[in-house]
Amino acid sequence: MKPGGAAATLGKPAAAQQPLRGLFACALLALIASPADAETITGGQYAAPVEHYGHFALGRPHEYARLTASTSSGQRHSLELPKDAVFEDLAPRLVTLAAGEPPELLAIVSQRNSGSRLALIGLRHGRLEISAQSPPIGTPMRWLNPVGVADLDGDGKAEIAAVTTPHRSGTLRIYRRKGKQLLEVAALAGVSNHVYGSSELAMSLALPIAGRMQLLVPEPSRRHLRIIALQDQRLVETAQCPLSAPLSGAIRRLSATEISVELLSGPTRIELQDCPASQESPQELEAPVR
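No experiment lies behind these values; they were computed from the predicted model shown.

## A closer look at the environment of Ser114
No. 1: For Ser114, the position within the fold is in the loop between β6 (104-111) and β7 (115-124).
No. 2: According to the relative accessible area criterion, Ser114 is buried, its value standing at 16%.
No. 3: For the pair formed by Ser114 and Ala85, sequence separation is 29 residues and the distance between their alpha carbons is 9.6 Å.
No. 4: Apart from residues no more than four positions distant in its own chain, Ser114 is found in contact with Pro136, Ile137, Gly138, Thr139 and Pro140.

Here's what the structure looks like:
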C-alpha cells in the first residue's frame, strides 16, 4: 500500500468499499442510537366496555375488554383480554420501577374464577403484553385498589402497594417484581381505601415523610389515616391522623408536611407532624411470600 493511499479489502478496489463503509457506519449509528430511540409507552387508556363480568366495583361502565397504549413514536397498540377477564379500573398508570427500565402500564385485571390481580403491561417487539402480575385474590368479585408505586426501602427499586378487598377486611400488601411475577413481601390488615361503587380511587397516597417514603392509608371506618412504613420487610404503623369526619374523597399532598383530605364534612388540611406517633408494637399479618 502506498503511503497515504486507501487500503483495499477482500481484493476489491477502494472505490468499491465506500458503500460498505456507509453501510457499516449506518449500522453502528443504529446500534448506538437504538436505546435512546427505542419506542416506549407514553400513556394508556381502556376501551371496549363490557358487561359480562358484572362486579362494577367502580360503577358502570368501568369494566373493559381492551387496553390501548400510545408510544413515543406516535403509534398506538392494543391488548385484548380473554373473554373471562376484564380490566376493572378507571385508567392504567404509567410507572417505572427502576432507573433505566422502560415505562410500563399498571392495571387491574379481574377474572371470573379468581377475582382481581395487578398486571404490569409492557411493549415487547412492537406488541403489548403482560410482563408481570401478582397472584389473584382467589375469589370472584373481589377487587383491589393500588395505593402507589414508590421505593419504600431505599434500594433504588420501587415497590407496588395495593389494598386487597378494601370493601371488606382490607389488607395493605406490598409487591416486588421478580421476573414475570409481582411477589408479595409484606402485608398488614385493617385498612380501606375505596367505597364500593365509587369512582374515587385516590383515598390513599405514597409520599415522603421524615426522610423516607411512607404510605398514608385510612383504616376501615375512614376516621383515621394510618401512616405506614416498610421496615425490615415488615409494615409498621408510625403514626395516625384523626379525622373530624369520615374520609369521602381524595388525599392530596400540598407540601412536604401538609396534605388535604376530602371529608364528608368538607375539605380539610392536615399537618403531618401533628399526627400522633403510634405507640402499639407493629403486627405483621402473615409471613411474606418471597
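## A closer look at the state of the cysteines
No. 1: Counting across every chain of the model gives one disulfide.
No. 2: With a sulfur-sulfur separation of 2.0 Å, Cys241 is cross-linked through a disulfide to Cys275. Taking the sign of the torsion about the S-S bond as the criterion, the disulfide between Cys241 and Cys275, at about 105°, is right-handed. Within this pair, whereas Cys241 is found in strand β16 (residues 234-242), its partner Cys275 is found in the segment after β19 (266-271), the two being separated by 34 residues in sequence. Of the two residues examined, Cys241 and Cys275, each falls in the buried class.

## Considerations on the side chain of Glu88
No. 1: With respect to the helices and strands, the residue Glu88 is situated in the loop between β4 (85-87) and β5 (93-95).
No. 2: For the buried Glu88, no salt bridge exists, and the shortest N-O distance to an oppositely charged side chain is 9.9 Å, to Arg142.
No. 3: Within the structure, Glu88 has its side chain in polar contact with the side chain of His55 (distance 2.8 Å).
No. 4: When neighbours within four sequence positions are excluded, Glu88 is seen to be in contact with Tyr53, His55, Phe56, Ala57, Leu58, His62, Glu63, Ile108, Ser110, Ser116 and Trp143.

## Let's talk about the pattern of salt bridges
No. 1: Scanning all chains against the criterion turns up 10 salt bridges.
No. 2: Note that Arg176 and Asp153 form a salt bridge whose closest N and O atoms lie 2.8 Å from each other. With Arg176 in strand β11 (residues 171-178) and Asp153 in the loop between β9 (144-150) and β10 (159-164), the pair connects residues that are 23 residues apart, well separated along the chain.
No. 3: The class for Asp153 is partly exposed, based on a relative accessible area of 33%.
No. 4: The shortest N-O distance in the salt bridge between Arg173 and Glu184 comes to 3.1 Å. Of this pair, Arg173 sits in strand β11 while Glu184 sits in strand β12 (residues 181-189), placing them 11 residues apart in sequence.
No. 5: Classification of Arg173 as buried rests on a relative accessible area of 16%.
No. 6: The class for Glu184 is buried, based on a relative accessible area of 10%.

## Considering the pairing of β10
No. 1: In terms of burial, β10 is largely enclosed, as six of its six residues are buried.
No. 2: Residues of β10 alternate between two faces, with Glu159, Ala161 and Val163 on one and Ile160, Ala162 and Thr164 on the opposite face, all of them buried.
No. 3: Of the pairings in the sheet, the one linking β9 to β10 comprises six bridges and is antiparallel in character. Opposite Leu144, over in β10, you have Thr164 as the bridge partner.
No. 4: Linkage of β10 to β11, two consecutive antiparallel strands, is achieved through a turn of six residues, within which Thr165 is found at a positive phi near 40°.

Rules of the game
- Residues numbered from 1 in each chain as written.
- Predicted model: local features only at pLDDT ≥ 70, side-chain atom pairs only at ≥ 80, totals over all residues.
- Heavy atoms only, no water.
- Helix = DSSP H or I, 4+ residues; strand = E, 2+ residues; numbered from the N terminus.
- Buried < 20%, exposed > 50% of the residue type's maximum accessible area, 1.4 Å probe, protein only.
- Contact = heavy atoms within 4.5 Å.
- Disulfide = S-S within 2.5 Å.
- Lys, Arg positive; Asp, Glu negative; His and termini not counted.
- Salt bridge = Lys/Arg side-chain N within 4 Å of Asp/Glu carboxyl O.
- Polar contact = N/O pair within 3.5 Å; in protein donor to acceptor, adjacent residues only side chain to side chain.
- Pairing = 2+ DSSP bridges.

Geometric descriptors of this kind do not, in isolation, establish any biological role.
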